[in-house]
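Results of the structural survey
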Amino acid sequence: MSQEESPEDFASLFAEYEKNQQKPKRREPRVGDSVSGKVLSVGRDGAFVDLGLGNVEALLALDDIRDAKGNVNVKVGDEIKARVVETAGKTGCIVLRRSMAKGAAGSAELAQAAQLGLAVEGTVTAVNKGGVDVLVAGTRGFCPISQLDLRHVEDATPYVGQKYQFKITKYEGDSRGVNIVLSRRALQEESRRSQAEGTRAKLAVGNVMPGVVSSLRDFGAFIDIGGIDGLLPASEISHQRGTKPSDVLAVGQELEVQVLRIEKTDDPKRPEKISLSLKSLARDPWQDVADRLAPGSKVQAKVARVESFGAFVELAPGIEGLAHISELSGGRQAKHAREVVKPGDVIEVTVLSVDREKRRIALGTGEREDVVDAEDIAAAKRAAPDRLGTLGDLFKNLKR
């Protein structure tokens, strides 16, 4: 120790040194754990893998590193992911597998997976009564159709030939064979529960969330926003009236939605009801309509729907104006607007007034005998700004 250093300085330096030398020890892998490591060497018995545990190495069996033609498909330096099947194999090291063995070894691994609740990979091979056949580790298993997916499956044919992860819910083996019952849904539910925890941590009214369309109904669409389903009502899909969910959305479609409401419930499986909006993220066409559709302007537009008192005319996507029945009939007697026009008709209309606050547009059709110019329209609008009555009503107000 130099003369300039005090005992206290030396003690603190030594403590810092000791701290830097201490590295957190990793837990020894257990059977069933998923691990990753780097291939150190490839030999007669298989590939030896460094799992980052000091001098402890793991063995990846030879039959697990060969392709269908028998060629070795890993090399030194490759990063691999595998599952621990033994912690003290014949070679005295950890034994790994990337895929399940077949035959007796495969049956033993299936029994182990069932006991530990591990996921196994299987291929759906056929549809039968009440479910599907699944080939896993060379052994036939059965998955009930109710356990094939989170959603109700009407026809399982599209699943045939597909590989999925399953959980073994029942395993019975004896000298006569093996009986295995599988569930894909159980794993999906576990994944959703874990995912939902993270989603709830950032769930708040006004937040914009990525989502996937999970199902479509006439009244709206259910959107998976991360382990939790929210409802996107049909009225919140678009600014355009009468939008049908199936016309603009598809199951599996990715999109962004905004959280409108969160309501707590007493259902532990669904502790909240979430309302979503797609419309709120789109530009509101009413922001542009007032300037473009000034009173007195004429527009060729399509009749969107007809009521007894008049016709709603679509002036632009999401923008409708009302032409009163007296405007449509030109002074003739009509009990219902359908006597004059029908949905789909293209007619010329004149904008009488635009009420931004109430989001209403009054229209005329030029069918009246009255000769009206732009100044008359402006004067009528000033006289009755809060009403959407007929043009005749507006002029009555002026004469009072």
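Figured I'd write up the structure that's included with this text. All figures in this text were calculated on a predicted structure; none of them were measured in a lab. (Residues numbered from 1 in each chain as written. Predicted model: local features only at pLDDT ≥ 70, side-chain atom pairs only at ≥ 80, totals over all residues. Heavy atoms only, no water.)

Here we come to the overall build of the protein chain. Across its full length, the protein chain holds eight helices and 20 strands. Taking as baseline every contact in the protein chain between residues at least 6 positions apart, the subset at least 24 positions apart corresponds to 55%. As displayed, the protein chain offers around 24100 Å² of accessible surface, 48% of which is attributable to carbon and sulfur atoms. (Helix = DSSP H or I, 4+ residues; strand = E, 2+ residues; numbered from the N terminus. Contact = heavy atoms within 4.5 Å. Areas by Shrake-Rupley, 256 points an atom, 1.4 Å probe, with all protein chains shown as cover.)

Let us now look at the side chain of Thr199. Relative to the assigned elements, Thr199 resides in helix H3 (residues 185-201). Residue Thr199 is classed as buried on the basis of its relative accessible area of 4%. (Buried < 20%, exposed > 50% of the residue type's maximum accessible area, 1.4 Å probe, protein only.)

The bulk of non-glycine residues show a negative phi, and the bulk of peptide bonds are trans. Phi is positive for Ala137, close to 55°, though the residue is something other than glycine. Relative to the assigned elements, Ala137 resides in the loop between strand S7 (131-136) and strand S8 (139-144). Its identity is not glycine, yet Arg359 carries a phi of approximately 55°, on the positive side. Summarising the element assignment, Arg359 is placed in the loop between strand S19 (346-355) and strand S20 (360-364). Overall, the relative accessible area of 41% leaves Arg359 in the partly exposed class.

Where burial is concerned, most of strand S18 (residues 319-324) is hidden: five out of the six residues are buried. Where strand S17 (residues 310-316) and S18 come together, six bridges link them in antiparallel fashion. Across the sheet, residue Gly310 finds its bridge partner in S18, namely His324. The hairpin turn running from S17 into S18, its antiparallel successor, is two residues long, and Gly318 in that turn takes a positive phi close to 85°. (Pairing = 2+ DSSP bridges.)

Moving on to the sheet that holds strand S5 (residues 94-97). Ordered by their spatial adjacency, five strands build a closed barrel running S1-S2-S3-S5-S4, and the pairing between neighbours is mixed. The sheet shows a mean angle of 55° between the axes of neighbouring strands, direction not considered. Two strands pair when backbone bridges link them, and strand S1 (residues 34-42) and strand S2 (residues 46-53) are joined in this way by four bridges, in the antiparallel orientation. Within S2, the position partnered with Lys38 by the bridge is Asp50. (Axes fitted to C-alpha atoms, helices over the stretch in contact; angles between N-to-C directions.)

Mapping Ser275 onto the fold places it in strand S15 (residues 272-277). Sequence-wise, Ser275 and Val257 are 18 residues apart; in three dimensions their C-alpha atoms are separated by 9.8 Å. Among residues more than four places away in sequence, those in contact with Ser275 are Leu231, Gln258, Val259, Leu260 and Arg261.

A few words on a nonpolar patch on the surface. Taken together, the side chains of Val42, Val72 and Val76 make up a nonpolar region of the molecular surface, amounting to roughly 230 Å² of accessible area. Inspection of the secondary structure puts Val76 in the loop between strand S3 (56-61) and strand S4 (79-86). (Patch = residues over 30% accessible without salt bridge, like charges linked within 9 Å, V, L, I, M, F, W, Y side chains within 5 Å. Salt bridge = Lys/Arg side-chain N within 4 Å of Asp/Glu carboxyl O.)

Here we come to the environment of Arg217. Topologically, Arg217 is positioned in strand S11 (residues 208-217). Along the chain, Arg217 and Pro233 lie 16 residues apart, while their C-alpha atoms are 9.3 Å from each other. Other than its neighbours up to four places away in sequence, Arg217 contacts Phe222 and Pro245.

With the rule as written, the count across this model stands at four aromatic pairs. Ring plane angle 50° and centroid distance 6.0 Å describe the contact between Tyr159 and Tyr164, whose orientation is recorded as tilted. Tyr159 gets classed as buried once you look at its relative accessible area, which sits at 14%. Geometrically, the ring pair formed by Phe309 and Phe312 is edge-to-face, given 6.1 Å between the ring centres and 85° between the ring planes. Phe312 gets classed as buried once you look at its relative accessible area, which sits at 17%. The side chain of Arg184 reaches across the aromatic face of Tyr164, ending 4.1 Å from its centre. (Phe/Tyr/Trp six-rings, centres within 6.5 Å; stacked < 30°, edge-to-face > 60°. Lys NZ or Arg CZ within 6 Å of the ring centre and 35° of its normal.)

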